[in-house]
Amino acid sequence: MNSGTTDVLPTASALIAHFLEAVAAVDLRVERETDLGAWARELGQAPGITAVSQAFDPDYCDLTDAFWLRLHDGRRLLGTIAAKKQVGDFLALQRSGELWFGRRAAEFGPIPLSFPADIPPLRGDLGYFGALWLHPDTRGIGMASVMARLVRAMAMRDWNLDWLCGGVLEGLALRDVPIRVYGYAHCVRISEEILFPVTGAPAVLYMPWESRREWLDTSTGFLARQQVAMPAAAAR
């Protein structure tokens, strides 16, 4: 477990403040919640949802260290994203299916994944982030970037992780969304086309990931760019 929390806390706190302001600026609110059962129920009824990831469903996984963000306008659920902490080997957790199916992984069997040879051992305190959904009325105003970065900042503040990891399907990866929008340092292909048991459909899987150091470097760079942009916008 990491002991050096002091170097991530200022950056995490600054990011959280920045993104909460960005949400308020478009007359929305975001709240951190720990009832993942409520998340599963609400997201299952959301527009356009065809599958709810079992990775954040307490019927499958131990979610002792987990939370989700509720984006809303005071009435409607307009967006979600979720985070959970696990300790172990992230590549092994994916191959075994335990990442998604937890205590019920044996029901689904191993998942045929193939990781690039130059991936470092992603072992230790792991953060897994997923379940990003936005209501159609909330798309196109930058909330995907806000939610993806905000949830990782909160996780770093709370858990001081060694590695931050996610998962996306090929359509997002080919548009460079995990790096360009979500702000990850890396995104690599980890499968051929397989029947992905999470969705029950054929899919090619990609894995966004970054180390604690990379998250810190990327985040401080992001904050620096915002500070430059603000005076420029004010001058106009």
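Here the residue numbers are simple positions, counted from 1 along each chain's written sequence. Whole-chain, interface and lining totals are the exception, using all residues; otherwise, since this is a predicted model, local features are given only for residues with pLDDT of at least 70 and side-chain atom pairs are given and counted only at 80 or more. Note: side-chain values were computed over all heavy atoms of the structure, leaving out hydrogens and water.

**Some details on the overall build of the protein chain**
Then comes step 1: Each helix is a run of H or I in the DSSP string that is no shorter than four residues. Each strand is a run of E no shorter than two, and both are numbered from the N terminus. Along the protein chain, the regular secondary structure elements total 8 helices and 10 strands.
Then comes step 2: With the radius of gyration taken over C-alpha atoms, the globule rule is written as 2.2 Å times the number of residues to the power 0.38. Its C-alpha atoms give the protein chain a radius of gyration of 17 Å, within 12% of the compact-globule value 18 Å for 236 residues.
Then comes step 3: Along the longest, intermediate and shortest principal axes, the C-alpha atoms of the protein chain span 60 × 40 × 35 Å.
Then comes step 4: Residues classed as buried in the protein chain amount to 50% of the 236 residues present.
Then comes step 5: Taking as baseline every contact in the protein chain between residues at least 6 positions apart, the subset at least 24 positions apart corresponds to 73%.
Then comes step 6: Reported accessibility uses the Shrake-Rupley method at a 1.4 Å probe radius. Residues are deemed covered only where the shown protein chains occlude them. A total of about 11,100 Å² of accessible surface is found on the protein chain, and carbon and sulfur atoms cover 53% of it.
Then comes step 7: Positive: Lys, Arg. Negative: Asp, Glu. His and the chain ends are not part of the count. The atoms used to mark charge sites are NZ of Lys, CZ of Arg, CG of Asp and CD of Glu. For the protein chain, the separation between the mean place of its 23 positive charges and that of its 27 negative charges on side chains is 4 Å. Throughout, exposure labels follow a simple rule: accessible area from a 1.4 Å probe, protein chains only, divided by the maximum for the residue type, with under 20% read as buried, over 50% as exposed, and the rest as partly exposed. Note on definitions: a residue-residue contact is assigned when non-hydrogen atoms from the two residues lie within 4.5 Å.

**Notes on empty space enclosed by the protein**
If a probe as big as a water molecule is rolled over the atoms, it shows which places are left empty.
Then comes step 1: Residues are called lining when one of their atoms sits within 4 Å of a cavity or pocket point, these points coming from a 1 Å grid over the protein atoms alone, where a cavity is a set in which a 1.4 Å probe fits but cannot get out and a pocket is an open set with protein on both sides within 12 Å along at least five of seven lines. Grid points are joined across faces, edges and corners, and a volume is the space filled by probe spheres set on the points. Enumeration over the complete set of coordinates arrives at 1 cavity of 30 Å³ or more.
Then comes step 2: Here the largest cavity is characterised by a volume of approximately 70 Å³.
Then comes step 3: Leu15, Phe19, Arg149, Arg152, Gly183, Glu210, Trp215, Thr218, Ser219 and Phe222 are the residues that line the largest cavity.
Then comes step 4: Elements with a minimum of two residues in the lining of the largest cavity: helix 1 (9-25), helix 5 (143-159) and helix 8 (212-235).
Then comes step 5: Of the residues forming the lining of the largest cavity, the biggest block, 4 residues, is contributed by helix 8.
Then comes step 6: Taken together, the residues of the lining of the largest cavity sort by class into 4 nonpolar, 3 polar and 3 charged. Residues are grouped as follows: Ala, Val, Leu, Ile, Met, Phe, Trp, Tyr, Cys and Pro are nonpolar; Asp, Glu, Lys and Arg are charged; every other residue, Gly included, is polar.

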